[in-house]
Amino acid sequence: MSGTDPSLPTDPQLPLTSPRTPLQLSFPFLREGSRVWERERKPPQPGELPSPLPTKRTRTYSATVRARSGPVFKGVCKNFSRSQGHGFIRPSHGGDDIFVHISDIDGEYVPMEGDEVTYKVCPIPPKNQKVQAVEVVITHLNPGTKHETWSGQIISS
C-alpha cells in the first residue's frame, strides 16, 4: 500500500490540511444585511439618522407588503437634499414631519420645498416607533420654482 487514503483527493493543486489546522474562510464581498457588514459599521452619532436606513433595497419583504397595502396620505415636501439623499414631508393631516429616503421617490422629478405629494408609510426599525414615507409621488409641482429631473435637466414650473 502507498500509505494514502483513497477517499482523499489526489489533485496536487489542492492543499491537504490536518484536522488540527484551523479552517479559514474568506468572503469575496460583504453583503448588506449580513452580520459581518453590520459589525464593521460605526455606531450612530447623536442626531444622525438610524443606520442602515430601510431603503427599497434593504427593506424586508413583509414590511414592503404592509406598506403597499396601507392607506395613501397627502402632504407637502418640507425639504429634500439630493446630495444627502433624504428629506422630510409635512403631512396634510398634521403631526410630525415624515422622513423620506431618495430610493422611495417615484417619478422623474427631484422633490422641492412646497411640492404636493402622496405617500404611504412604513415603520423604521429596530423599534418601529417612527415611520418613513414610501412610494412617494409628486402630484403637483410648486409653481414658480425650478425643478430638476433625476437626469439633471432643469425645468421651470
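Before reading on, note that the structure itself is shown above.
Here is a short report on the structure shown in this document. (Residues numbered from 1 in each chain as written. Predicted model: local features only at pLDDT ≥ 70, side-chain atom pairs only at ≥ 80, totals over all residues. Heavy atoms only, no water.)

Details of the environment of Gly114
The condition that has to hold: Only DSSP runs of H or I with at least four residues qualify as helices, and only runs of E with at least two residues qualify as strands; both kinds are numbered from the N terminus onward. Working rule for contacts: check all heavy atoms of both residues, and any pair within 4.5 Å makes them a contact.
Relative to the assigned elements, Gly114 resides in the loop between strand 4 (105-106) and strand 5 (116-123). In this structure the C-alpha to C-alpha distance between Gly114 and Val76, which are 38 residues apart in sequence, comes to 5.7 Å. Apart from residues no more than four positions distant in its own chain, Gly114 is found in contact with Val76, Cys77 and Asn142.

Focus on the nonpolar core
Generally speaking, a soluble globular protein has its nonpolar side chains buried in company with each other. Which entries qualify depends on this criterion: Residue types Ala, Val, Leu, Ile, Met, Phe, Trp, Tyr and Cys, when buried and joined through side-chain atoms within 4.5 Å, form a set referred to as a nonpolar core. For every residue, the accessible area obtained with a 1.4 Å probe (protein chains only) is divided by the maximum for its type, and the residue is called buried under 20%, exposed over 50%, and partly exposed between those limits.
Within the largest apolar cluster, 12 residues are counted, these being Cys77, Phe80, Ile89, Ile98, Val100, Ile105, Val110, Val117, Tyr119, Ala133, Val136 and Ile138. When residues of this core are traced back to their parent elements, those giving at least two are strand 1 (73-81), strand 3 (98-101), strand 5 and strand 6 (131-140). Among the elements that take part in this core, strand 6 stands out by supplying 3 residues, more than any other. Residues within four places of Ile89 in sequence aside, it is in contact with Gly75, Val76, Cys77, Lys78, Asp97, Ile98, Val100, Val117, Tyr119, Ala133 and Val136.

Side note on the packing of aromatic side chains
When we look at a pair of aromatic rings, we describe it by the centre distance and by the angle of the planes. To keep things clear, this is the line we draw: Whether two aromatic rings pair depends on their centres lying within 6.5 Å, for rings of Phe, Tyr and Trp, where Trp uses its six-membered ring; planes under 30 degrees apart make the pair stacked, over 60 edge-to-face, and the rest tilted.
All chains considered together, the criterion is met by 3 aromatic pairs. Ring geometry for Phe88 and Phe99: centres 5.9 Å apart, planes at 70 degrees, overall edge-to-face. Of this pair, Phe88 sits in strand 2 (residues 86-91) while Phe99 sits in strand 3; the two residues are 11 residues apart in sequence, bridging distant segments of the chain. According to the relative accessible area criterion, Phe88 is partly exposed, its value standing at 28%. Given a relative accessible area of 5%, Phe99 falls into the buried group.

Quick notes on the pattern of salt bridges
Applicable threshold: The rule for a salt bridge is simple: a side-chain nitrogen of Lys or Arg has to be within 4 Å of a carboxyl oxygen of Asp or Glu.
Going through the model one piece at a time under the given rule, you end up with 3 salt bridges. Between Glu148 and Arg82 there is a salt bridge; the shortest N-O distance is 2.8 Å. One end of the pair, Glu148, is in strand 7 (residues 146-148); the other, Arg82, is in the loop between strand 1 and strand 2, and 66 residues separate them in sequence. On the basis of relative accessibility, which here comes to 27%, the residue Glu148 falls in the partly exposed class.

Digging into the pairing of strand 1
What counts is decided by this rule: Criterion used throughout: strands pair if DSSP finds at least two bridges between them.
Summarising the sheet, strand 1 and strand 5 pair through 4 bridges and their orientation is antiparallel. Bridging across to strand 5, Phe73 finds its partner in Tyr119. Across 6 bridges, strand 1 lies against strand 2 in antiparallel orientation. Pairing of Ser81 across the sheet is with His86, part of strand 2. Two successive antiparallel strands, strand 1 and strand 2, enclose a turn made up of 4 residues, where Gly85 displays a positive phi of approximately 85 degrees.

Considering the pairing of strand 6
Residues in a regular strand point their side chains to alternate faces of the sheet. As paired elements, strand 3 and strand 6 share 2 bridges and run parallel to each other. Each bridged residue has a counterpart across the sheet, and for Phe99 the counterpart in strand 6 is Gln132. Two elements, strand 4 and strand 6, share 2 bridges in a ladder whose sense is parallel. When the bridges of strand 6 are listed, Ile105 appears paired with Val136. Inspection of the sheet shows strand 5 paired to strand 6 by 7 bridges, in the antiparallel sense. What sits directly across from Cys122, in strand 6, is Gln132.

Details of the side chain of Thr149
Heads up, the condition is: Think of a polar contact as two N or O atoms within 3.5 Å of one another; within protein, one of them needs to be a possible hydrogen donor and the other a possible acceptor, and neighboring residues in sequence only count if both atoms come from side chains.
Along the polypeptide, Thr149 turns up in the loop between strand 7 and strand 8 (154-156). Residue class for Thr149 comes out buried when judged on its relative accessible area of 6%. Separated by 3.0 Å, the side chains of Thr149 and Ser151 make a polar contact. In this structure Thr149 touches Arg82, Glu108, Tyr109, Val110 and Ile155, once residues within four positions along its chain are discounted.

On their own, these measurements won't tell you what the molecule is for.
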